[in-house]
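Okay, here's what each chain looks like letter by letter:
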Amino acid sequence: QVQLVESGGGLVQPGGSLRLSCAASGFAFSMYAMSWYRQAPGKERELVASISAGGSTNYDNSVKGRFTISRDNGKMTVYLQMNSVKFEDTAVYYCKASRMTYLEYWGQGTQVTVSS
């Protein structure tokens with residue numbers, strides 16, 4: 001049974017930090033690209049960051065230099081380190097596992113709220 005379980009969300013002040021985790025099970029994690037998406041109220045889901053099976057990373061311009069995606073294949077976990085957070089980072093954050101063009105799994109999401 002495939003599972004992706006996000007954790008680490010919560011309330012954080014502007015300028016603060018948060019680390020999200022996504023624990024995977026039920027599939028060959030190391031062979032999948034992993035991504036973090038987010039969806040703010042009234043907006044479409046957008047790609048935040050991704051990391052390939054080989055470890056190459058890619059970031060949306062809005063988070064470049066502030067967020068870092070990483071993976072631990074031994075723990076079957078992908079992380080999103082969020083630094084210098086802004087009000088506009090408030091959203092539900094989802095992780096996604098993907099391979100080729102047709103294999104795709106999503107987590108249930110974790111809420112991140114940036115508020116003073």
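A brief look at the structure comes next. (Residues numbered from 1 in each chain as written. Predicted model: local features only at pLDDT ≥ 70, side-chain atom pairs only at ≥ 80, totals over all residues. Heavy atoms only, no water.)

Some details on the packing of aromatic side chains
Short version of the rule: Here a Phe, Tyr or Trp ring, Trp counted by its six-membered ring, pairs with any other such ring whose centre lies within 6.5 Å, and the pair is stacked when the planes are under 30 degrees apart, edge-to-face when over 60, and tilted otherwise. The cut-offs for exposure are 20% and 50% of the maximum accessible area for each residue type, with area from a 1.4 Å probe on protein chains only; residues under the lower value are buried, those over the upper are exposed, and the others partly exposed. Helix numbers and strand numbers start at the N terminus; a helix is a DSSP run of H or I with at least 4 residues, a strand a run of E with at least 2. In this scheme, Lys NZ or Arg CZ marks a charge over a ring once it lies within 6 Å of the ring centre and within 35 degrees of the ring normal.
Across all of its chains, the model carries six aromatic pairs by this definition. A centroid spacing of 6.4 Å and a plane angle of 50° characterise the contact between Phe27 and Phe29, whose relative ring orientation is tilted. Exposure class is identical for Phe27 and Phe29. Each is buried. With centroids separated by 5.3 Å and ring planes inclined at 45°, the aromatic side chains of Phe27 and Tyr105 adopt a geometry described as tilted. Pair noted here: Phe27 is in the loop between strand E3 (18–25) and strand E4 (33–39) and Tyr105 is in strand E10 (residues 103–106), with a separation of 78 residues, a long-range link. The class for Tyr105 is partly exposed, based on a relative accessible area of 23%. A network of ring pairs unites the aromatic residues Phe27, Phe29, Tyr32 and Tyr105 as a single cluster. One cation-aromatic arrangement involves Arg45 over Trp106; the distance from NZ or CZ to the ring centre is 4.7 Å. The ring of Phe29 carries Arg71 above its face, with NZ or CZ at 4.7 Å from the centroid.

Quick word on the side chain of Ser98
Put simply, the test is: Whether two residues touch is decided by their heavy atoms; if any such pair falls within 4.5 Å, the residues are in contact.
Turning to its location among the elements, Ser98 is positioned in strand E9 (residues 91–99). In contact with Ser98, not counting residues within four places along its chain, are Tyr32, Ala33, Leu103 and Glu104.

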